[in-house]
Amino acid sequence: MAAPPLLALGLLPLLAMQSPWWENYDLRERFVCSDRLSVVLERNASQASLIAGQSRSTLFREQSEAPGLRYQNETLRLILRGDELTLEQLPSRRVCVRSEEV
């Protein structure tokens, strides 16, 4: 059975999960979405980990001429532009705003 989509878990509280030390993420940032979903984005130059509730998704840096930093996996794309994080899990799109660095 496949895991439920990450965005469908929006009502679960954000847990204090962290990535394993060997993934070596340089930045850890918290974002709040319009529907009160809180997510944490851990990232470095080549990959990112998105934590929402008890779910974690690992994404890899996408080379693109489009503005912003882009990370994706087979079901989810993240676009980070300044303090705005866009989560795309087609056909759904959710925009979140940085709330603090963690």
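Nothing here was measured: the structure is a model prediction, and the numbers come from that model.

**Q** Before we go on, may I ask you to explain the overall build of the protein in this structure?
**A** Across its full length, the protein carries 0 helices and 8 strands. Along its sequence from the N terminus, the protein presents helices and strands in the succession β-β-β-β-β-β-β-β. By residue count, 43% of the 102 residues in the protein fall in the buried class. When contacts within the protein are restricted to residue pairs at least 6 apart in sequence, those whose partners lie at least 24 apart make up 38%.

**Q** Please explain the packing of aromatic side chains as it appears in this structure.
**A** Pairs of aromatic rings are described using the distance from one ring centre to the other and the angle between the two planes. The tally for this structure, following the rule as stated, stands at 0 aromatic pairs. When the ring centre of Tyr71 is taken as reference, the NZ or CZ atom of Arg61 above it lies at 5.9 Å.

**Q** Even after reading the chapter, I still don't get the side chain of Asn73, so can you show me in this structure?
**A** Structurally, the position occupied by Asn73 is in the loop between β5 (69-72) and β6 (77-81). A distance of 2.9 Å separates a polar side-chain atom of Asn73 from the backbone nitrogen of Thr75. Engagement of the side chain of Asn73 in a polar contact is seen with the backbone nitrogen of Leu76, the distance being 2.8 Å. Excluding residues that lie within four positions of it along the chain, Asn73 makes contacts with Ser57, Thr58 and Leu59.

**Q** Quick question: what am I supposed to make of the state of the cysteines here?
**A** Defined simply, a disulfide is a covalent bond joining two cysteines at their sulfur atoms. Tallied over the full model, the rule gives 1 disulfide. Two residues, Cys33 and Cys96, share a disulfide whose sulfurs are 1.9 Å apart. On the sign convention where negative is left-handed, the bridge of Cys33 and Cys96, at about 75 degrees about the S-S bond, is right-handed. Of this pair, Cys33 sits in strand β1 (residues 27-33) while Cys96 sits in strand β8 (residues 92-101), and the two are 63 residues apart along the sequence. The exposure class of Cys96 is buried, given its relative accessible area of 0%.

**Q** What am I meant to see in the pairing of β5 here?
**A** Moving residue by residue along a regular strand, the side chains alternate between the two faces of the sheet. Bridge count for strand β4 (residues 55-61) against β5 is 2 bridges, and the pairing is antiparallel. Among the inter-strand pairings, Arg61 is bridged to a residue of β5, identified as Tyr71. Where β5 meets β6, 4 bridges bridge the pair, whose relative direction is antiparallel. Within β6, the position partnered with Tyr71 by the bridge is Leu78. In this antiparallel pair of consecutive strands, β5 and β6, the connection spans 4 residues.

Reading guide: rules and limits
Residues numbered from 1 in each chain as written. Predicted model: local features only at pLDDT ≥ 70, side-chain atom pairs only at ≥ 80, totals over all residues. Heavy atoms only, no water. Helix = DSSP H or I, 4+ residues; strand = E, 2+ residues; numbered from the N terminus. Buried < 20%, exposed > 50% of the residue type's maximum accessible area, 1.4 Å probe, protein only. Contact = heavy atoms within 4.5 Å. Phe/Tyr/Trp six-rings, centres within 6.5 Å; stacked < 30°, edge-to-face > 60°. Lys NZ or Arg CZ within 6 Å of the ring centre and 35° of its normal. Polar contact = N/O pair within 3.5 Å; in protein donor to acceptor, adjacent residues only side chain to side chain. Disulfide = S-S within 2.5 Å. Pairing = 2+ DSSP bridges.

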